[in-house]
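Observations on the three-dimensional arrangement
One-letter residues, chain by chain:
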Amino acid sequence: MTSKLLDYLWPFSFCELVFGRELTNLIGVINYIAHFILFPFLGAVIFIYILFSRFWVLGAAYLAWYVYDAKTPQNGGRLWEYSRTWKAWKHLRDYFPITLHKDSELDPNQNYILGYHPHGITVYGAFANFGNCSTGFLDMFPGVTPRLLTIETYYKFPFYREYILFAGLCNVHRDSYRALLAGETKGTAAVVVPGGAEESLDCTPDKMTLILKARRGFVKMALRTGAYLVPVISFGENEVYRQVPNPRGSLLRKLQTNLMHLITFAPPIFYGRGGSIIPYKKPINTVVGTPIPVEQVEEPSWPEVCELHAKYQESLRLLFEKYKTKFGYPEDYQLEIL
């Protein structure tokens, strides 16, 4: 009885009780959007306010901690398992909904690098499946713990960095791969989005365009750590938003590309329901593919990297063709790798 009462006192349980499940799922999406758009800047504003207020000593103490702890995002982070149980993530999952599927088992006695495709606008699928595991990854692949790797920029924001570190996120850095995968402990899956910010500029529902041909860093780290490579495709990730047309070579694309190089993340001009930032309710089906065995090579040669990269691309294409019609896409729905 007491646990039931406490459950209802939890904000999202209370919202579901009062507003119903559909509206609470919408609140879950708004919560996610705020996490990655509003909260970073909010943390910075709060820190500056404290630093120049009568509580400046607390600000100075945090600044000392910030400097001391600067390498943690690329040294394995600090996952707090409880953060993955928050009801907010289940409502985010159910809004679209987001569903996880497996094409093969993952042996907990191995480490893995999962390549997530496509980036989409806001990588809803990557976070739900591998960031907070609300779609059942831990039950589907027992003994394997996913760790989502994100852009370095997020870890520069005061206070916010602590929050995402507790959520288990790490910086996309070669040291992160080594910290997570190179030790004796097995059963870790580092999840990376190879297409990165640039890929979001090619986000369109007409076809799946991936920025991959020149993205070999994660392949090289697979060889250096001996982690198996696993392709992951999310059908529907590109369809939750619409983007203002920005074909390659257009003035808008040139401006976006130049700005991306300046601020390190892409500035797509997109919209969702009613022209707002709320995404369309489109199912996102994420498929974890078959692992590609990798033999550890401390200093892989260029031909070795290229050979494994080619294997990965072929495996990715096969996974795409195998599942696209199962999730309602026509036979002529294309995968384009740039």
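Quick notes on the rules
- Residues numbered from 1 in each chain as written.
- Predicted model: local features only at pLDDT ≥ 70, side-chain atom pairs only at ≥ 80, totals over all residues.
- Heavy atoms only, no water.
- Axes fitted to C-alpha atoms, helices over the stretch in contact; angles between N-to-C directions.
- Helix = DSSP H or I, 4+ residues; strand = E, 2+ residues; numbered from the N terminus.
- Parallel < 35°, antiparallel > 145°, perpendicular 65-115°, else oblique.
- Contact = heavy atoms within 4.5 Å.
- Nonpolar A, V, L, I, M, F, W, Y, C, P; charged D, E, K, R; others polar.
- Salt bridge = Lys/Arg side-chain N within 4 Å of Asp/Glu carboxyl O.
- Buried < 20%, exposed > 50% of the residue type's maximum accessible area, 1.4 Å probe, protein only.
- Pairing = 2+ DSSP bridges.

Another point: the packing of helix 3 (residues 21-37) against helix 4 (residues 39-51). Where helix 3 contacts helix 4, the two axes come as close as 4 Å, and the packing angle between them is 55°. Judged on the interaxial angle alone, helix 4 and helix 3 are oblique. Within the contact between the two elements, helix 3 uses Ala34, His35, Phe36 and Ile37 and helix 4 uses Phe39, Pro40 and Phe41. Here the residues of the contact of helix 3 with helix 4 are counted per class, giving six nonpolar, one polar and no charged.

We now examine the pattern of salt bridges. Taken as a whole and assessed by the stated rule, the structure comprises 16 salt bridges. Notably, a salt bridge pairs Lys281 with Glu22, separated by 2.7 Å at the nearest N-O pair. Separated by 259 residues along the polypeptide, Lys281 in the loop between strand 9 (270-271) and strand 10 (284-288) and Glu22 in helix 3 bring together distant segments of the chain. Residue Lys281 is classed as partly exposed on the basis of its relative accessible area of 39%. Of the residues examined, Glu22 reaches a relative accessible area of 53% and is grouped as exposed. Residues Glu336 and Lys207 are paired through a salt bridge, measuring 2.9 Å at the closest nitrogen-oxygen approach. Remark: Lys207 occurs in the loop between helix 11 (196-200) and strand 6 (208-210) and Glu336 occurs in strand 11 (residues 335-337); sequence separation between them is 129 residues. The exposure class assigned to Glu336 is partly exposed, which follows from its relative accessible area of 27%. Taken together, the salt bridges that share partners define one network made up of Asp69, Arg78, Arg161 and Glu162.

Another point: the environment of Ala126. Relative to the assigned elements, Ala126 resides in helix 7 (residues 124-131). A sequence separation of 82 residues divides Ala126 from Ala44, and the C-alpha atoms of the two residues are 25 Å apart. Setting aside chain neighbours within four positions, we find Ala126 in contact with Tyr116, Gly131, Leu148 and Glu237.

Moving on, we get to the pairing of strand 7 (residues 228-235). Counting buried residues along strand 7, seven of its eight residues qualify, which places the element largely inside the surrounding structure. Taken together, the six bridges between strand 2 (residues 112-117) and strand 7 define a ladder with parallel strand orientation. In the sheet register, His117 faces strand 7, and the bridge partner there is Ile233. As paired elements, strand 7 and strand 10 share four bridges and run antiparallel to each other. When the bridges of strand 10 are listed, Val232 appears paired with Val288.

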